[in-house]
Every structure is written in C-alpha cells, then in structure tokens.
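# What the coordinates show
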Amino acid sequence: MTISFTRRTVIAGALVVGASLTATSLALASPETGPSTNETAPTADAGTTRLQWGAVALTARQYPAMKEFAQKALGLNLVNSSEEFSVFTTPNGNLFELYGPKAPQYPWRTSPTSTAIGFDSTNLNTAEKALQANGAKWASTVQVVPGAGAGGSDYRFRLFRAPDNRVYAIAQSGTDPRKPVSNEDTGSAGINKLQWGAVALTAEQYPAMKKLAAKGLGLTPLNEAKQFSVFGTENGNLFELYGPKAPQYPWRTSPTSIAFGFNTTNLDKAMTQLQNNGAEWVSTVQVVPGAGAGGSDYRFRLFRAPDNRVYAISQSNATS
C-alpha cells in the first residue's frame, strides 16, 4: 500500500444502499455473452466511481469469529444474515460480505481463502461494453434487486472474470459518490467506507490488468513503478496492482492474493477498537505526507483479522 500520489481525487460520500450482491440467485452465463444492451460501440471506460463490494470466503470455524469481528471491531452495520452468510454496510453504502461453507455459491468462491472485490458505475450498460472491450469475460448475467439502490432505484450488478482470472463485480447502485457522510453515522471504529483494494499478479498478468483498470474501469492513474500501479476512483478509493517486482507486503502470500481495507475518520480510535477485538498488527502506522484529503497526511496500518487475512485500516480524512 505504498502511495506516492501525483494527482489526488477529492474524497466525497454516498447514500447508503442496503442491498446485497447476493440478494438474487445468479444465472451463470458463458464468457461470450455480451452486454445487456443492443448497442455495440465500445465506450472509453466504465465510469467507475468507487469501490462498492468486498467479500471473503471462510471456514465454518472462522465464520462466527469474523461476523463478531465485523460488528464489534469494524463497527459495520449488519443488514442481512442467514446460515453462514452475512452482509454488512458502511455508512456510504459499501458492502462487506462473509461467506461460510453453507452460504450461496458464486464463481469467485474457489476455496475457503477466496476473496473478491467490486466496483460501482454510473451506468451498467456503458460499463459492460467498456469492460468487454478490454478483456473482461462475463461470469453471470445482469442481476437486478428491485428498489435496493439509492433513492429506491433498482440495484443492478454483474460478475466478470478479469485477465488475472479473478471474478470481480460491477454494479450500478445509483449512489452519489460525492455525498458526505456524517461522523455521527460511523460505528465504533469510525469506519465510513471501503478504501483500498489490491491484487497480486504474475508478470504476464500485469499489463492486461493495468489496461483493464485504466481503459476498462476508467480509474485514474495516480502512481506507477515497476510492476506496481495505483489507481484512484472519484471518491478517493485506491485500487492497486502488484506484480512480482512490486513492494512486498504481508498480504502477498501468492500471485493469487487479494486484499482490501477500510477508511476511518479517526485512526487512533480505530486501532484501539481493532486491537481490543482480536486484530493483530502486521505493520507500524505508515504515513504518506500530503496524500490525504485537503493535503492532509494519509495514514494507514495493516492488521491480521481472525480469518488470518491481512487487511488495512486507513485515515484519509475523507468525508465519505
């Protein structure tokens, strides 16, 4: 999560979307299935506005500990729960989902260590064309959750397989990424949104994924080094690509590793809450001077949760 910003998107907020990516069953489609529109001309990019979704697969033993951790340590809002399946939201409407062995099966769940992340778009039809034009293959048809989007709109999403062979999600939630979130709306750790997503890649996968992030998803390039790229979204989220020569971090245990993190309005408060509820620190507090909102310092720390994964907690001084 090394960051050296050459350009910084102003961080803003969004409406809460109390919808789960798994609220409807997925009808799996072949990779050749095209966009859900008759228009054929590809567009410049997907109009991605923010990270939207994070999900982790768990063993039956890990599931109860992680459910408690999400509520007590992260202070997230539980909006749906069934046998070994839970959906949490952040104040700006991001989704964090836990999947035990009995939870719904989806194509990203290839093992109990699987993790997945997803993005929000202003227009799902546009996003589909842009992604397909830049190497994405569909892993589901378009799913619609009526009335679950911002302002009572329909929540629409689709799963796709990227050039790194992982399954991601692209959604249209109708959420305004610039709408501020009040500090009073945050939970015990002051978390207001998903902040960071990162994937480990092979040297062969790196160029194709860099193209997908920039030209397909339409993310803003912020920093690049050898086999390491940082992209930003409209509301200041970070999506990072790590080839073999990129900085080494404890979440990178293989070329298939994936990690994500949360943003808090108060890092000191969040660290106390996390440590009191089972988190183990795997880094010191890292500071990137001037990289936060309004030229403030960007601060983050990595921790190991009860599922043995490494996550990040950051303070970007975001209002969303």
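Note that the structure is predicted; figures quoted are calculated from it, not measured.

The rules we used
- Numbering of residues starts from 1 in each chain and follows the order in which that chain's sequence is written.
- Only residues with pLDDT of at least 70 get local features here, since the model is predicted, and only at 80 or more are side-chain atom pairs given and counted; chain-wide, interface and lining totals rely on the full set of residues.
- By convention in this description, side-chain values take in all heavy atoms of the structure and omit both hydrogens and water.
- A run of H or I in DSSP counts as a helix once it spans at least four residues, and a run of E counts as a strand once it spans at least two, with each numbered from the N terminus.
- By definition in these notes, contact holds between two residues if any of their heavy atoms fall within 4.5 Å.
- The predictor attaches a confidence to each residue, called pLDDT, with possible values from 0 through 100.
- Only protein chains enter the accessibility calculation, which uses a 1.4 Å probe; a residue is then buried when its area is under 20% of its type maximum, exposed when over 50%, and partly exposed in between.
- Centre distance within 6.5 Å is the pairing criterion for rings of Phe, Tyr and Trp, where only the six-membered ring of Trp is used; planes under 30 degrees apart are then read as stacked, over 60 as edge-to-face, and the remainder as tilted.
- Working definition of a nonpolar core: buried Ala, Val, Leu, Ile, Met, Phe, Trp, Tyr and Cys residues. They are joined through side-chain atoms within 4.5 Å.
- Note that the arc is computed from the directions linking the helix axis to the C-beta atoms.
- Pairs of N or O atoms are called polar contacts if they sit within 3.5 Å, as long as, within protein, a hydrogen donor faces a hydrogen acceptor (for residues adjacent in sequence, only side-chain-to-side-chain pairs).
- Salt bridge, as applied in this entry: a Lys or Arg side-chain nitrogen positioned within 4 Å of an Asp or Glu carboxyl oxygen.

Quick look at the environment of phenylalanine 239 now. Inspection of the secondary structure puts phenylalanine 239 in strand E13 (residues 238-242). C-alpha of phenylalanine 239 to C-alpha of proline 221: the two residues are 18 residues apart in sequence and 9.6 Å apart in space. Excluding residues within four positions of it along the chain, phenylalanine 239 makes contact with Ile117, Phe119, Tyr168, Gly197, Val199, Ala213, Leu219, Ser229, Val230 and Phe231.

For the protein chain, the average pLDDT comes to 86, and 86% of its residues sit at 70 or higher. Predicted confidence is poor over residues 2-33, with pLDDT under 50, and the contacts of this stretch with residues over four places away or in other chains come to 135 contacts. Counted against residues more than four places away or in other chains, residues 36-42, with its pLDDT under 50, gives eleven contacts.

Here we come to unusual backbone geometry. Even without a glycine there, the phi angle at asparagine 165 is positive, about 75 degrees. Its place among the elements puts asparagine 165 in the loop between strand E8 (155-161) and strand E9 (167-172). Its relative accessible area of 51% is what places asparagine 165 among the exposed residues.

A complete count under the given rule lists 22 aromatic pairs for this structure. Relative to tyrosine 249, the ring of tyrosine 242 has its centre 6.1 Å away and its plane inclined at 90 degrees; by these criteria the two rings are edge-to-face. By relative accessible area, which is 0% here, tyrosine 242 ends up buried. According to the relative accessible area criterion, tyrosine 249 is buried, its value standing at 18%. An aromatic cluster of three or more residues is present, and its members are Phe69, Phe96, Phe260, Phe262, Trp281, Phe303 and Tyr311.

Next up on the list: the nonpolar core. By size, the foremost hydrophobic cluster in this structure holds 52 residues, and its most contacted members are Phe96 and Phe262. Residues in contact with phenylalanine 262, not counting those within four places in the same chain, are Leu74, Leu76, Phe96, Ile191, Lys193, Leu194, Gln195, Tyr311, Ala312, Ile313 and Ser314.

Its place among the elements puts phenylalanine 96 in strand E4 (residues 95-99). In this structure phenylalanine 96 comes out as buried when scored by relative accessible area, which is 1%. Between the C-alpha atom of phenylalanine 96 and that of lysine 193, which follows or precedes it by 97 residues, the distance is 9.9 Å. Look past the residues within four positions of phenylalanine 96 in its chain and what remains in contact with it is Gly54, Val56, Met66, Ala70, Leu74, Leu76, Ser86, Val87, Phe88, Phe260, Phe262 and Tyr311.

Our next topic: helix H4 (residues 267-275). An α-helical turn contains 3.6 residues, so a residue and the one three or four places further along point in the same direction. Within the span of H4, buried status applies to Leu267, Ala270, Met271 and Leu274. The buried residues of H4 all sit within an arc of 100 degrees when viewed along its axis, so they share a single face. For H4, the elements touching its buried residues are helix H1 (62-72), strand E14 (258-264), strand E15 (280-281), strand E17 (298-304) and strand E18 (310-315). Looking at where H4 begins, the residue whose side-chain oxygen comes 3.2 Å from the main-chain nitrogen of aspartate 268 is asparagine 266.

Time to look at helix H2 (residues 124-133). Of the positions making up H2, those classed as buried are Leu124, Ala127, Glu128, Lys129, Ala130 and Leu131. Buried positions along H2 lie against strand E5 (115-121), strand E6 (137-138), E8, E9 and helix H3 (205-216). For H2, the side-chain oxygen to backbone nitrogen distance between the N-cap and asparagine 125 is 3.0 Å, and the N-cap itself is asparagine 123. After H2 finishes, the residue glycine 135 shows a positive phi value of roughly 100 degrees.

So, about the pattern of salt bridges. Taken as a whole and judged by the stated rule, the model has eight salt bridges. The partner of glutamate 68 in a salt bridge is lysine 72, with the nearest N and O atoms 3.0 Å apart. One end of the pair is glutamate 68 and the other is lysine 72, both in helix H1 and four residues apart, which spans about a single turn. Exposure remark for glutamate 68: the relative accessible area of 41% places this residue in the partly exposed category. The residue arginine 309 makes a salt bridge to aspartate 307 at a minimum N-O spacing of 2.8 Å. Per residue, the accessibility class of arginine 309 equals that of aspartate 307, and both read buried.

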